[in-house]
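Overview (structure and organization)
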Amino acid sequence: MNSWDPLGAAEQAAVADEILSVLRHDLRNRFAIVRNASFYIRRKVARDAAYTADPRIEEFFGIIDEEVVAASARLEESVDAARVFNRRSVCVSAAGCVRRAAACARIGTSGARIVLSAQDGDVEADPIELAVAVRCLIESAVESTPGDGVVTVRGTASGARYCIEVTDTAPAACEADSEAILRPFYTTKPGHSGLGLNIARRVTRRYGGTLAVEQRAPGTSVVIALPLAATPVLGDVGSEPAP
């Protein structure tokens, strides 16, 4: 029997956001290539007798241009993600979100052990969506950690930012691999989507933060840094038990 996932709806929305973003970017570029090619051909043949003799040629070039513009506009239409997940940005306990992410992490039969420490600190974000982002990092670190290794999760308030650091004990990646892991769909694990880090980065940027990958001996750290909220939180919102 499958257990209920309190972060499931938010994760589905995050996956949809990431896939649609990749598709939009790719199709936008392709439409631009088609439009430029059509413009070039139109300019070259505009003086030919066939072009001036048959008005449908100019009409068809116009149709190509109009349809490409219309298709590009459709790409900008947002999918109603509210049906899946209703995002709400509030002042929330970042430490609570980290704890919820660790509690909901799907580590399967991995022998990896999660060591967690989270200082108090409040940020402006959706608590469920932020927990999804951190869970993505934890699960990615667990997948990379061999055997009974340790995944360290730390949350610390530093200056004007709250930093969430997830560190695995996998062999250090080369510089090229460090850049590749932030590409959509990049994965070394069969059956995995390779979107975890991209989802975490997208969520982090949505709330004015940054995500960085840092090589640490003997593993790799991924660090989320979010601006601390000006208003303190009453209670540990991020760690409230799921209904």
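Predicted model, so just to flag it, every value in this text is computed and none were measured.

Attention shifts here to the pattern of salt bridges. All chains considered together, the criterion is met by seven salt bridges. Where aspartate 54 meets arginine 56, a salt bridge forms, and the shortest distance between an N and an O atom there is 3.1 Å. What makes aspartate 54 partly exposed here is its relative accessible area of 23%. Here glutamate 139 makes a salt bridge to arginine 135, at a shortest N to O gap of 3.8 Å. On the criterion of helical spacing, the pair formed by glutamate 139 and arginine 135 is a turn pair, its members being four residues apart in helix H5 (residues 127-144). Among the charged side chains, a salt-bridge network with shared partners connects Arg106, Arg135 and Glu139.

For glycine 96, the location among the structural elements is in helix H4 (residues 94-104). Classification of glycine 96 as buried rests on a relative accessible area of 0%. Each C-alpha atom, one on glycine 96 and one on alanine 118, is 8.2 Å from the other, the two residues being 22 residues apart in sequence.

As a further point, take helix H1 (residues 8-45). An ideal rise of 1.5 Å per residue puts 56 Å on 38 residues; H1 measures up with 55 Å between its terminal C-alpha atoms. Among all positions in H1, only Gly8, Ala10, Glu11, Ala13, Ala14, Glu18, Arg24 and Ser38 are buried. Turning to H1, the residues buried within the fold contact helix H3 (55-75), H5 and helix H7 (196-206).

The next subject is the packing of H5 against H7. Viewed as axis vectors pointing N to C, H5 and H7 meet at an angle of 145 degrees, and their least axial separation amounts to 8 Å. Of the two possible hands of crossing, H5 and H7 adopt the one that is left-handed. Note on element contacts: H7 touches H5 through Gly196, Leu197, Ile199, Ala200, Val203 and Arg206, opposite Glu129, Leu130, Val132, Ala133, Cys136 and Leu137. Grouping the amino acids of the contact of H5 with H7 by side-chain chemistry returns nine nonpolar, one polar and two charged.

This paragraph deals with the sheet that holds strand S6 (residues 210-216). Each strand in a sheet pairs with another by means of backbone hydrogen bonds, the pair being arranged parallel or else antiparallel. The strand order across the open sheet formed by five strands is S2-S4-S5-S7-S6, and the pairing between neighbours is mixed. In this open sheet, the two edge strands, each paired with only one partner strand, are strand S2 (113-118) and S6. On average, each strand axis in the sheet is inclined to that of its neighbour by 15 degrees, with strand direction left out of account. Relative to strand S7 (residues 219-227), strand S5 (residues 161-167) runs antiparallel, the two being bridged by seven bridges. Residue pairing for S7: arginine 161 is matched across the bridge by proline 227.

All right, on to the nonpolar core then. Counting 41 residues, the largest nonpolar core has Val123, Leu130, Leu137, Ile138, Val166 and Ile199 as the members making the most contacts within it. Elements that contribute at least two residues to this core include exactly H1, H4, strand S3 (122-125), H5, strand S4 (150-158), S5, H7 and S7. Ranked by residue count, the leading element in this core is H5, at eleven residues.

So, about the packing of H1 against H7. Interhelical geometry of H1 versus H7 gives an angle of 95 degrees and a closest axis separation of 10 Å. As the angle between them shows, H1 and H7 are arranged roughly perpendicular. Here Ala14, Val15, Asp17, Glu18 and Ser21 of H1 lie close against H7, whose contacting residues are Asn198, Ile199, Arg202 and Arg206. Classifying every residue of the contact of H1 with H7 gives three nonpolar, two polar and four charged.

Cut-offs used in this document
Residues numbered from 1 in each chain as written. Predicted model: local features only at pLDDT ≥ 70, side-chain atom pairs only at ≥ 80, totals over all residues. Heavy atoms only, no water. Salt bridge = Lys/Arg side-chain N within 4 Å of Asp/Glu carboxyl O. Buried < 20%, exposed > 50% of the residue type's maximum accessible area, 1.4 Å probe, protein only. Helix = DSSP H or I, 4+ residues; strand = E, 2+ residues; numbered from the N terminus. Expected span 1.5 Å × (residues − 1). Contact = heavy atoms within 4.5 Å. Axes fitted to C-alpha atoms, helices over the stretch in contact; angles between N-to-C directions. Left-handed = near helix turned anticlockwise from the far one by under 90°. Nonpolar A, V, L, I, M, F, W, Y, C, P; charged D, E, K, R; others polar. Pairing = 2+ DSSP bridges. Core = buried A, V, L, I, M, F, W, Y, C linked by side-chain atoms within 4.5 Å. Parallel < 35°, antiparallel > 145°, perpendicular 65-115°, else oblique.

In short, shape yes, function no, at least from these values alone.
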